[in-house]
Amino acid sequence: IWYLRNRTKKKFGPPTVNFDLPEHPKGVRILPAQAGTIDNTRFDKDDIVATIFDLAIRKYIKIEGVEKKSVLGFGKKQDFTLIRLKKTSKDDLTPFETKLIDAMFGGATIVTMKEAKLTYTNFTDLEQANFDSLIERKFFIKNPKSQKAVCLVFGIISLSFLSPILGIVLLVLARKLNGRTELGVEQDWKIDGLKI
C-alpha cells in the first residue's frame, strides 16, 4: 500500500505536455539513455541509439550516409559510417558515454555500422554504467533488474517451503518494484509529458 501510494506517478495526476529537456534538480541535463531507463526501468538498444544521435548533435561523432552498389550491380544500398571527431576526457562525457564510444570505435577513428556492433559484454558494461549513474543521481535506489530478481527468488522459495501468502506477495512485488526514488518517479512523470 505504501509503495502504491508513494512510488507511482499517479499521485502527480495525468501527464501534461512538456517541451523542456529532462533536467536534474541541480540543473544537470538527463542523458537520453538515462531518460529512457527512467521511463521504462530497463536499459535497451533504443537507449544506445538515442545516445549515438545525442553524441552526434553535440559534435563528438559524425554520422555519414554511404551508398553502396548491390552485389549484382542493380540498385543501391544505404550504409552509415561513424566518425570520431575528438578525443574524450572524463570531464567531457559521463563514464557511460565514454564506454559507448570506446566500445564502438575501439582504437579506430572511422567505423561502419557493421563494425560498430556491440558484444554482450559491452552491453552489460553499458547497462551497469547507466544504472550506476542513475543511482548516483538519486533517480533509483538500486538496479531494478537485481531488485526484481531477489524478490522473484525469495518469492519462489517462500511459495515452495515457507509461507504461500508471503510467496505470492513477493512474486507480486517482483513485477511491481522498479527501484525508482521519489525524484525518479517525478522525472518519469515529466518524461511522459514529452511523449504526448
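Residue indices follow the written sequence of each chain, beginning from 1 at its first position. The model is predicted, so local features are restricted to residues of pLDDT at least 70 and side-chain atom pairs to those at 80 or more, both for listing and for counting; the totals for chains, interfaces and linings are taken over all residues. With hydrogens and water excluded, all non-hydrogen atoms of the structure serve as input to the side-chain values.

**Structural notes on the overall build of the protein chain**
Scanning the protein chain from terminus to terminus reveals eight helices and three strands. Mapped from its N terminus to its C terminus, the protein chain presents α and β elements in the order α-α-α-β-β-α-β-α-α-α-α. Taken over 196 residues, the protein chain has a buried fraction of 37%. Put simply, 63% of the contacts in the protein chain that link residues at least 6 apart link residues at least 24 apart. Per-residue and other accessible areas were derived by the Shrake-Rupley procedure at a 1.4 Å probe size, with only the shown protein chains allowed to occlude residues. If you sum the accessible surface of the protein chain, you get close to 12,500 Å²; carbon and sulfur atoms cover 62% of it. Each helix corresponds to a stretch of at least 4 residues labelled H or I by DSSP, and each strand to a stretch of at least 2 residues labelled E; elements are numbered beginning at the N terminus. Throughout this description, buried means an accessible area under 20% of the type-specific maximum (1.4 Å probe, protein chains only), exposed means over 50%, and partly exposed covers the range between. Note on contacts: a residue pair qualifies if any of its non-hydrogen atoms lie within 4.5 Å across the two residues.

**Comments concerning the environment of Ile63**
Inspection of the secondary structure puts Ile63 in strand β1 (residues 61-69). In this structure Ile63 comes out as partly exposed when scored by relative accessible area, which is 30%. Between the alpha carbons of Ile63 and Phe53 there is a distance of 8.4 Å; along the sequence they are ten residues apart. Beyond its immediate stretch of four places on either side in the chain, Ile63 contacts Ile52, Phe53, Ala56, Phe80, Thr81 and Leu82.

**Thoughts on a nonpolar patch on the surface**
There is a patch of nonpolar side chains on the surface, built from Val150, Val153, Phe154, Ile157, Phe161 and Leu162 and spanning about 630 Å² of accessible area. Judged by its relative accessible area of 46%, Val150 falls in the partly exposed class. Patches here: salt-bridge-free residues with over 30% relative accessible area, like charges joined within 9 Å, nonpolar side chains (Val, Leu, Ile, Met, Phe, Trp, Tyr) joined within 5 Å. A pair is scored as a salt bridge if a Lys or Arg side-chain nitrogen falls within 4 Å of a carboxyl oxygen belonging to Asp or Glu.

**A few points about helix α5 (residues 120-136)**
Take the residue count of a helix, subtract one, and multiply by 1.5 Å to get its expected span. In a regular helix each residue adds 1.5 Å, so 17 residues correspond to 24 Å; α5 covers 24 Å between its end C-alpha atoms and thus fits that length. Every buried residue of α5 is accounted for by Leu126, Glu127, Ala129, Asn130, Phe131, Ser133 and Leu134.

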